[in-house]
Amino acid sequence: MSRVAYVDGQYLPHRSAAVHIEDRGYQFADGVYEVLAVTGGRLVDEESHLIRLAKSLSELRIAAPMSNSALRIVMREAIRRNRVREGILYLQVTRGAARREHAFPKAAQPVLVVTSRHTRRTDPQIAERGIAVVTIPDIRWQRCDIKSIALLPNVLGKQLARDAGAFEAWQVDREGFVTEGTSTNAWIVAADRTVMTRRADTAILNGVTRLAVLEIIARDGYRFVERAFSVAEAKAASEAFLTSTTVDLLPVVRIDDAPVGTGMPGPLARKLREGYLAHVTEAA
Ligand code: PDD
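Residues numbered from 1 in each chain as written. Predicted model: local features only at pLDDT ≥ 70, side-chain atom pairs only at ≥ 80, totals over all residues. Heavy atoms only, no water.

A.B. asks: Please give an account of the overall build of the protein that cites residues and values.
C.D. replies: Scanning the protein for helices and strands turns up 8 helices and 15 strands. Whereas a compact globule of 284 residues would reach a radius of gyration of roughly 19 Å, the protein reaches 19 Å, a difference of no more than 12%. Principal-axis analysis of the C-alpha atoms gives the protein an extent of 55 × 40 × 35 Å. Taken across its 284 residues, the protein has 50% of its residues classed as buried. Restricting to contacts in the protein with at least 6 residues of sequence separation, those with at least 24 account for 71%. For the protein, the computed accessible surface area is about 14100 Å², with 53% contributed by carbon and sulfur atoms. Where the 39 positive side-chain charges of the protein centre and where its 33 negative ones centre are 4 Å apart. (Helix = DSSP H or I, 4+ residues; strand = E, 2+ residues; numbered from the N terminus. Rg over C-alpha atoms; globule rule 2.2 N^0.38 Å. Buried < 20%, exposed > 50% of the residue type's maximum accessible area, 1.4 Å probe, protein only. Contact = heavy atoms within 4.5 Å. Areas by Shrake-Rupley, 256 points an atom, 1.4 Å probe, with all protein chains shown as cover. Lys, Arg positive; Asp, Glu negative; His and termini not counted. Charge placed at Lys NZ, Arg CZ, Asp CG, Glu CD.)

Here is the structure:
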């Protein structure tokens, strides 16, 4: 079966789908995106993603390419036409195509691209074993709350992690506090079993998975505080984990050269992972 992409009003064969060479996404990374999980052919936490998309667009003063109800139809159509049951949906909105000039073009229309494809959920064995992260300086801009397509520091950081044999890189601000991973949010569990993750300020993306896990924490009555933690605190934590749409919740068992806690996934991370997977299944 051949894949189909939605590009600026048309469903096109994926292999030949294209935007204009002067699209501002291509020239300036002038655009935003979302990645949604698909399970049982349904979108997970669609509303939260649409709220964040609207926020990213308005922060960059890019007009919404269509109404949310029209967008919901396009997303469903992309899933249907690609026959995706388990996978992801990617959507991107750029400010549009125009002659290259930094200031906003007067006439450009925003360009929407939507793709969807089958992916396997992260191998449960990875969650069983836990993963390693390395720490790197956070060299990004000061508006990481916007889900911008400008991802070069994230790309370089992820590759650094891969080169070091780690799953993810945790970015660290100038004060020594962890901001987030290159494509995931970062969490620790302190010795007194308090779960910690950074407040959703402008230094991090407010993950949709983060929000769902926060709800589970509140519902199940775990002790919790939203505050930044240092690398030293993370290394001394009894547990650590990370979250995102694409990996759900994965226990972190090593930070740089230090094992976290026992060096095995901790009980709270396991419970929260189960809780989050149940939340995903509810969407189906
Ligand atoms: N990344 N932080 C960053 C920098 C991210 O890029 C992401 C998501 C997250 C987690 O957000 P969410 O829970 O809404 O997926 C945190 C997506 C998956 C990506 O770029 O592929």
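Moving on from the coordinates now.
A.B. asks: Any chance you could break down a nonpolar patch on the surface for me, citing the residues and the numbers?
C.D. replies: On the surface, Leu152, Val155 and Leu156 cluster together into a nonpolar patch covering about 300 Å² of accessible area. Counting through the fold element by element, leucine 156 comes out in helix 5 (residues 152-163). (Patch = residues over 30% accessible without salt bridge, like charges linked within 9 Å, V, L, I, M, F, W, Y side chains within 5 Å. Salt bridge = Lys/Arg side-chain N within 4 Å of Asp/Glu carboxyl O.)

A.B. asks: How would you summarise the side chain of threonine 179 if you had to cite specific residues and measurements?
C.D. replies: Within the secondary structure layout, threonine 179 lies in strand 9 (residues 178-181). Setting aside chain neighbours within four positions, we find threonine 179 in contact with Asp138, Arg140, Gln171, Val172, Asp173, Arg198, Ala203 and Ile204.

A.B. asks: Outline the side chain of arginine 210, listing residues and values.
C.D. replies: By the secondary structure assignment, arginine 210 is in helix 6 (residues 208-220). Look at arginine 210 and you get buried, because its relative accessible area is 1%. If we skip the residues at most four places from it in the chain, arginine 210 touches Asn185, Trp187, Thr197, Arg198, Arg199, Ala200, Ile204, Glu226 and Thr243.

A.B. asks: So, the site of the ligand: which residues are in play, and what are the values?
C.D. replies: In the vicinity of the ligand there are 19 residues, among which Tyr33, Glu180, Val208, Thr209 and Thr245 approach most closely. Note that an oxygen atom of the ligand is positioned 2.8 Å from one of the backbone N or O atoms of valine 208. In this structure, an oxygen atom belonging to the ligand sits 2.6 Å away from a side-chain N or O atom of threonine 209. Taking 470 Å² as the accessible area of the ligand by itself, protein coverage stands at 90%. Breaking the shell around the ligand down by element, the ones donating at least two residues are strand 3 (31-39), strand 9 and helix 6. (Near = heavy atom within 4 Å. Polar contact = N/O pair within 3.5 Å; in protein donor to acceptor, adjacent residues only side chain to side chain.)

A.B. asks: Lay out the environment of alanine 17 with the relevant residues and their values.
C.D. replies: Relative to the helices and strands, alanine 17 is located in the loop between strand 2 (10-13) and helix 1 (24-28). Accessibility expressed as a relative area gives 25% for alanine 17, which makes it partly exposed. In sequence terms alanine 17 and valine 113 are 96 residues apart; their C-alpha atoms lie 9.5 Å from each other. Filtering out sequence-adjacent residues up to four positions away, alanine 17 remains in contact with Ala5, Val7 and Leu12.

A.B. asks: Can you explain helix 6? Please cite residues and give values.
C.D. replies: Over its 13 residues, helix 6 runs 19 Å from end to end, which matches the ideal 18 Å to within 8%, given 1.5 Å per residue. For helix 6, the full list of buried residues reads Val208, Thr209, Arg210, Ala212, Val213, Leu214, Ile216 and Ile217. Positive backbone phi, approximately 75°, marks glycine 221, located one or two places after helix 6. (Expected span 1.5 Å × (residues − 1).)

A.B. asks: Run through the packing of helix 2 (residues 46-59) against helix 3 (residues 68-81), naming residues and quoting values.
C.D. replies: Running from amino to carboxyl end, helix 2 crosses helix 3 at an angle of 125°, the nearest separation of the two axes being 12 Å. It follows from the interaxial angle that helix 2 and helix 3 lie oblique. The chirality of how helix 2 crosses helix 3 is right-handed. Residues Glu46, Glu47, Leu50 and Leu53 of helix 2 pack against Asn68, Leu71, Arg72, Met75 and Arg76 of helix 3. Counted by class, the contact of helix 2 with helix 3 contains 4 nonpolar, 1 polar and 4 charged residues. (Axes fitted to C-alpha atoms, helices over the stretch in contact; angles between N-to-C directions. Parallel < 35°, antiparallel > 145°, perpendicular 65-115°, else oblique. Left-handed = near helix turned anticlockwise from the far one by under 90°. Nonpolar A, V, L, I, M, F, W, Y, C, P; charged D, E, K, R; others polar.)

A.B. asks: Before we move on, could you go through the nonpolar core and cite the residues and values that matter?
C.D. replies: Formed by 22 residues in total, the largest nonpolar core has its most connected members in Leu53, Met75, Leu89, Leu91, Val93 and Val114. Ranked by the residues each element gives to this core, the list is headed by helix 3, at 5 residues. Formed by 21 residues, the second largest nonpolar core is a distinct cluster that contains Ala186, Ala240, Leu250 and Val260. (Core = buried A, V, L, I, M, F, W, Y, C linked by side-chain atoms within 4.5 Å.)

A.B. asks: For helix 3, give the residues involved together with the corresponding values.
C.D. replies: Over its 14 residues, helix 3 extends 20 Å from the first C-alpha to the last, a length consistent with the 20 Å expected when each residue adds 1.5 Å. Among the residues of helix 3, Leu71, Val74, Met75, Glu77, Ala78 and Ile79 are the ones counted as buried.

A.B. asks: How would you summarise the packing of aromatic side chains if you had to cite specific residues and measurements?
C.D. replies: On inspection of all chains with the given rule, the structure shows 4 aromatic pairs. Relative to phenylalanine 241, the ring of tryptophan 187 lies with its centre 5.1 Å away and its plane at 15°, an arrangement referred to as stacked. Of this pair, tryptophan 187 sits in strand 10 (residues 185-189) while phenylalanine 241 sits in strand 13 (residues 239-244); the two residues are 54 residues apart in sequence, bridging distant segments of the chain. In this structure phenylalanine 241 comes out as buried when scored by relative accessible area, which is 0%. Over the face of the ring belonging to tyrosine 11 we find arginine 81, whose NZ or CZ atom lies 4.0 Å from the ring centre. The ring centre of phenylalanine 167 lies 5.8 Å from the NZ or CZ of arginine 162, which sits over that ring. (Phe/Tyr/Trp six-rings, centres within 6.5 Å; stacked < 30°, edge-to-face > 60°. Lys NZ or Arg CZ within 6 Å of the ring centre and 35° of its normal.)

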